[in-house]
Amino acid sequence: MVYLFLPLVNSCVEWYKRFMKELFTKPDGTPKRGLIMGVTNKRSLAWGITKLLHEQGAELALSYFPNEAVEKRIRPLAEDAGINNLIPCDVGDDDSIAAMANTLKEQWGNIDFVLHAIAFADHDALHKPFVETSREQFLSSLDISAYSLVATTQALAPLMVNGGSILTLTYLGATQVVPNYNVMGVAKAALEASVRYLAADLGTQNIRVNALSAGPVKTLAASGIGDFSSMLNYHKQTVPLKRLTSQDDVAGAGAYLLSDLSQGVSGTVHFVDGGAHVLGPTPVAAE
Ligand SMILES: NC(=O)c1ccc[n+]([C@@H]2O[C@H](COP(=O)([O-])OP(=O)(O)OC[C@H]3O[C@@H](n4cnc5c(N)ncnc54)[C@H](O)[C@@H]3O)[C@@H](O)[C@H]2O)c1
């Protein structure tokens, strides 16, 4: 009996695969092209999105922080997945951003989407009370984690001649106090506000700008946050879905926001956190 349904199931799977492929294919049949910024290893949230987009037929370039150790890690990772277009870019340096944009212009002429998955904060700033944040720690965190979205958008929006989608990654600490997130929370607040202003500026060019707010996931950047394992435990026990957010959860929503499935969505913060953002104060038993 079950065999009777197999052809139907197979054709549904084929239809789904074709449908997903079309998400990253242009009307003329050529693949959509996009830049992924912020892969440092296979745990990176950007890597989950890269793998999914690549499977779905997108043509990708990866930018990486120009450092030998980073390049040594990501080149084999990317090449194993069949991605050979790697471009160095330090988002703290305008010349480096301009050089990356030039390389893309020479290679492709235009692009369809950009993922910005970059953040930085000084280690000490994530382990001491926020009130002790120095000017230097504050400025470097806001520069690399928030202004870099503005700078890369300035450089890359001119390549989005047919419209496009720009997506950045953020966290709940932008709007709520999360222990140890400190200056990163302030940087994410600036990042989310930048998303809204950029969306307003670029809408007439059919360029959409959005943020995806992910739940805590164990990555290199996240391991710099003081007592991150407690953050993970708390999340797992309290959020509506009662589980951790995965790299795949983020990848699926990332593909939606970078594709035309979200063609009417701009200036928003889309939560992929198991529902953590809807929770209010947690009552504790009276003593
Ligand atoms: N992991 C989480 O729990 C979580 C949750 C919500 C949001 N996010 C955000 O997701 C994004 C990606 O972080 P991740 O967790 O995947 O960690 P990750 O360490 O894999 O990625 C951070 C990236 O930022 C890059 N970077 C830092 N400074 C740079 C610079 N000057 N120039 C160019 N690149 C630079 C690093 O090279 C790295 O690739 C970050 O914006 C982070 O805040 C992470």
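What you are looking at is a predicted structure, and each value in this text was computed from that prediction instead of being measured.

Draft legend 1. Representation of the overall build of the protein chain within the structure. Regarding its fold elements, the protein chain presents eight helices and seven strands. Structurally, the protein chain occupies a C-alpha span of about 60 × 60 × 40 Å along its principal axes. Counting all 287 residues of the protein chain, 40% fall into the buried class. At a minimum sequence separation of 6, the contacts of the protein chain that also span at least 24 residues come to 75%.

Draft legend 2. A look at the site of the ligand. In the vicinity of the ligand, 27 residues are found, and the nearest of them are Thr40, Ser44, Ala119, Thr219 and Ala221. For the shell around the ligand, the elements supplying multiple residues, two or more each, are α2 (45–55) and β5 (164–170).

Draft legend 3. Focus on the sheet that holds β5. Strand order across the open sheet formed by seven strands is β3-β2-β1-β4-β5-β6-β7, with parallel pairing between neighbours. Every other strand in the sheet has two partners, leaving β3 (86–88) and β7 (269–272) as the edge strands with one partner each. Sheet twist, expressed as the average angle between the axes of neighbouring strands with direction ignored, equals 20 degrees. By the bridge criterion, four bridges tie strand β1 (residues 33–37) to strand β4 (residues 113–116) in an arrangement that is parallel. Its bridge partner being in β4, Leu35 is matched across the sheet by Val114. The strands that helix α5 (residues 135–156) touches are β1, β4 and β5; relative to β4, the one it contacts most, it runs at about 165 degrees.

Definitions and cut-offs
Numbers given for residues are sequential positions, taken from 1 along each chain in its written order. With the structure being a predicted model, the display of local features is reserved for residues of pLDDT at least 70 and the display and counting of side-chain atom pairs for 80 or more, all residues being used for whole-chain, interface and lining totals. Going along the chain from the N terminus, every DSSP run of H or I of four or more residues is numbered as a helix, and every run of E of two or more is numbered as a strand. Burial in this document is a count-based property: other C-beta atoms within 10 Å of a residue's C-beta are tallied, and the residue is buried at 20 or more, exposed at 12 or fewer, or partly exposed in between, with C-beta positions derived from the backbone. We call two residues in contact if the C-beta atoms placed from their backbones are at most 7 Å apart. Nearness here has a simple definition: the residue's C-beta atom, placed using the backbone, must lie within 6 Å of the molecule or strand. Any two strands are treated as partners once DSSP identifies two or more bridges connecting them. Simply put, an axis is a line fit to the C-alpha atoms, just over the touching stretch for a helix, and the angle between two N-to-C directions goes from 0 to 180 degrees.

Fair warning: the whole summary comes from geometry, so function is off the table for now.
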